[in-house]
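One letter stands for each residue in the lines below.
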Amino acid sequence: MKNFLKIKNLSISVDDKCIIKDLNLNINKGEVHALMGPNGCGKSTLSNVLAGKEGYDITNGKISFSGENLLKFSPNERANKGIFLAFQYPVEIPGVTNINFIKTALESNRQYNGLDPLKPGDFLKLIKEKAELLGISDEYLKRQLNVGFSGGEKKRNEALQLMMLEPSLAILDETDSGLDVDAFKIVADAVNSTRGKKNSMLIITHYQRLLERIQPDIVHVFINGSIIESGGPELAEEIDKNGYERFNNA
Amino acid sequence: MAMKDSTMPNFLNIKNFDKSFDDLSSLSQLREEAFLNLKDIGIPSKKFERWKYNDLKNDIRNIEFSLCKTSIKIKKNKLDKFEINEIDYFKKNKNHYLQPLKYLKDEGVVNLNLSYSNLFKVLTIKKDLKKPIIVDIKSEGHGMSFPRILINIYNNVNAEIQFLNRGGLGFINQITEINIGKNSSVKISRLNESSSIHSETFFSNLGRNSEINLKNLSIPKNKSRFQVFNSFIDEYSSAQFKSVSIPYENSKDDFLVHNNHLSSNCKSDVGMRSILGKETESSFQALIDVENKIKNSRADQDCRAILLDEKASMNAKPEMKIYNNDVICKHGTTIGSLNQDHIFYLNSRGLNKFEAEKILLQGIISEYISEDSPLINFLPEKYK
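Since we're looking at a predicted model, the values are computed, not measured.

Time to look at the overall build of chain A. Tallying secondary structure elements over chain A gives 10 helices and 10 strands in all. Taken against the 2.2 N^0.38 rule, which gives 18 Å for 250 residues, the C-alpha radius of gyration of chain A at 18 Å falls within 12% of a compact globule. Expressed as lengths along the three principal axes of its C-alpha atoms, the size of chain A is roughly 55 × 40 × 35 Å. Of all intrachain contacts in chain A linking residues separated by at least 6 positions in sequence, the fraction that spans at least 24 positions is 68%. In chain A, 31 side chains carry a positive charge and 33 a negative one; their mean positions are 5 Å apart.

Next comes the structure, spelled out in structure tokens:
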């Protein structure tokens, strides 16, 4: 599908300060886009707005997703329509067990889309399969959601949710941060395994290393709330070599 | 002699009231002693007692001064053997009748019960229990009732007891007292879902190397207060109190926990989780009391209240009265609404507002009431 996600002339402010300025971005179904930019350029603002977080003032522009006005939907409706945000800093929620949370999320998603809930045995089999790919033990699934998890464990858990929910648009907000070399490979390969013709990805990152394992179709350079240049994977290589200086001066 | 609290004219002279309890006449002297204390202290009110956030005097002002029908049923495993006594126990052990006053001299609500006690159960447990004892306390109709439960646990005994407080439309003023022998441990699950105005004073007296673990689920449909006094009589004893409070709409649920470290090397741990919906009110007062010569104490307090409605309110008052430096203490209180970042995280996975709130509240409850707790069956449907 063309223009699966279409952002047109989007401007966003927080406390009267303009964070995103006149942003245009089109992602077709099956495409992987990378959004690269320095700290504080508005990358996380964009991902939060796509997921529906409150507290952002959309001063101009439109976002359509699968042909519908995304902005009219609540965060849970967006999620159930297929948008998944892998958080840069996943929250810790005491008392809520990881496996119960994922089961509830999957049931909500299936119910919204008119599907019967998975049978308990099928759910257990599925989550164990996915968890094994990520090196996640049964014990870890029974733990409280992200409570006491290391940075790497939290990112693995985000990847597990991504694999279980199978969204049509995954937004990965600095999923590579906080991962050691081995965990990085595991998470990147797990994310890569979800790639297909029916789903798209928007990878938000500072660095090229994630894009070496999850090859993007298009790379965007995002500076001060705007895309100032788009190109192929070679753009990421250039940033890795020379930084953002050329773009800052553009 | 007129009562100090003249706002309670419906409290009769103990002698008149006593006529209705022929069985209790042999305890008249003791009851009269308690009644004189009550006259001196007055009916419980904010002015005279340690409670700062609720005024029982106003709550019970209009309750009819007659007895309502109350029962205490003991359910047990056939294989478990223990003694069950009633009024006869106190007739034979008169020195036990006023024992609560040994630890509390200024509690009007305790004197009120000791004056008018109309229902007694005394359990004496000498051996380990294979299954929990269930103490089911029910009341019916308007009026008042003053049940008293005493549990004596001998040395080297492990026991589990469930208390169920239910029913009623009047005023229940209950005393529960547990004496725990050395090297013994007792696990208690307490449910309060009374429709009456419910006041319960719970004492535990802990022997050497003994332990009490009290889990409480309070879902009152009226006004409730629960006050817990743990006294560490000998060393190496520990007391844990973990409570979940979910009052019904327009209800009030108040707690006071006093851990009295009378011996060295003892531990106390108090935790409160309150979920407060429309027009509900709760309070939590917790005191850690460590005397001068008492060493190596460990005492924790933790209170968390979630306000789900703008007309819900919570008062928390953690207190420490510590006269020895050899103590490790921890206390913390948070009162607020559900964390919006948590809700957004759950929404972003497809859970709607109701589902997100439910899973967060279930998480808070499950900190104290786990899936294997008997109390889980009594949770309101929306939190199961």
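Let us look at helix α4 (residues 120–133) of chain A. Side chains of residues three or four places apart in an α-helix project in the same direction, reflecting 3.6 residues per turn. All names here are of chain A. If you check α4, its first and last C-alpha atoms are 20 Å apart, about what 14 residues at 1.5 Å a residue would give, namely 20 Å. Of all the residues in α4, the buried ones are F123, I127, K130 and A131. Angularly, the buried residues of α4 cover 100° about the axis, an arc narrow enough to put them on a single face. For α4, exposure combined with an orientation more than 90 degrees from the buried face picks out K125, E132 and L133. Those residues of α4 that are buried lie in contact with α3 (98–112), α5 (138–142) and α6 (151–165). Positive phi appears at G135, one or two residues downstream of α4, with a value of about 70°.

On to the sheet that holds strand β1 (residues 5–14) of chain A. All names here are of chain A. An order of β2-β1-β4-β5 is seen for the 4 strands of this open sheet, with the pairing classed as antiparallel. Since the sheet does not close on itself, it has two edges, and those belong to β2 (17–27) and β5 (68–69), each with one partner. Pairing geometry for strand β4 (residues 57–65) and β5, over 2 bridges, is antiparallel. When the sheet's bridge partners are listed, F65 is paired in β5 with E68. Across the face of the sheet, helix α1 (residues 43–51) comes into contact with β1, β2 and β4 while running at roughly 115° to β1.

So, about the packing of α3 of chain A against α4 of chain A. All names here are of chain A. Contact geometry for α3 and α4: axes closest at 12 Å, N-to-C directions at 115°. Judged by the angle between their axes, α3 and α4 are roughly perpendicular. Relative to α4, α3 is oriented so that their crossing is right-handed. Contacts from I99, I102, K103 and L106 of α3 reach α4 at F123, L124 and I127.

Attention now goes to a negative patch on the surface. All names here are of chain A. Where like charges cluster on the molecular surface, the negative patch consists of E212, E234, E237 and D240. The element that contributes the greatest number of residues to the negative patch is helix α9 (residues 233–242), accounting for 3 residues. With respect to the secondary-structure elements, E237 resides in helix α9. Judged by its relative accessible area of 43%, E237 falls in the partly exposed class.

What follows concerns the packing of aromatic side chains. The geometry of an aromatic ring pair is captured by two quantities: the separation of the ring centres and the angle between the planes. All names here are of chain B. The final tally for this structure, using the stated rule, is 16 aromatic pairs over all chains. Ring centres of F90 and Y97 lie 5.7 Å apart, and the angle between their planes is 85°; on these two criteria the pair is classed as edge-to-face. An identical accessibility class is assigned to F90 and Y97; each is buried. Seen in terms of ring centroids, F203 and F229 are 5.8 Å apart; in terms of plane orientation they differ by 25°. Their pairing is stacked. In this pair, F203 is assigned in strand β10 (residues 197–206) and F229 in strand β12 (residues 223–232), connecting sequence segments 26 residues apart.

The next subject is unusual backbone geometry. Residue and element names in this part refer to chain B. Even without a glycine there, the phi angle at N156 is positive, about 55°. One can find N156 in the loop between β6 (147–153) and β7 (158–167). Phi at N183 is positive, roughly 60°, even though this residue is not glycine. Tracing the backbone shows N183 in the loop between β8 (171–180) and β9 (185–194).

Residues and elements named next belong to chain B. Bridge count between strand β4 (residues 133–140) and β7: 7 bridges; the pairing is parallel. Each bridged residue has a counterpart across the sheet, and for V135 the counterpart in β7 is F163. The sheet contact formed by β7 and β9 spans 10 bridges and is parallel. The residue of β9 that forms the bridge with N165 is N192.

Parameters at a glance
Residues numbered from 1 in each chain as written. Chains lettered and ligands numbered in written order. Predicted model: local features only at pLDDT ≥ 70, side-chain atom pairs only at ≥ 80, totals over all residues. Heavy atoms only, no water. Helix = DSSP H or I, 4+ residues; strand = E, 2+ residues; numbered from the N terminus. Rg over C-alpha atoms; globule rule 2.2 N^0.38 Å. Contact = heavy atoms within 4.5 Å. Lys, Arg positive; Asp, Glu negative; His and termini not counted. Charge placed at Lys NZ, Arg CZ, Asp CG, Glu CD. Expected span 1.5 Å × (residues − 1). Buried < 20%, exposed > 50% of the residue type's maximum accessible area, 1.4 Å probe, protein only. Arc of directions from axis to C-beta. Pairing = 2+ DSSP bridges. Axes fitted to C-alpha atoms, helices over the stretch in contact; angles between N-to-C directions. Parallel < 35°, antiparallel > 145°, perpendicular 65-115°, else oblique. Left-handed = near helix turned anticlockwise from the far one by under 90°. Patch = residues over 30% accessible without salt bridge, like charges linked within 9 Å, V, L, I, M, F, W, Y side chains within 5 Å. Areas by Shrake-Rupley, 256 points an atom, 1.4 Å probe, with all protein chains shown as cover. Salt bridge = Lys/Arg side-chain N within 4 Å of Asp/Glu carboxyl O. Phe/Tyr/Trp six-rings, centres within 6.5 Å; stacked < 30°, edge-to-face > 60°.

Treat this as a map of the structure, not an account of what it does.
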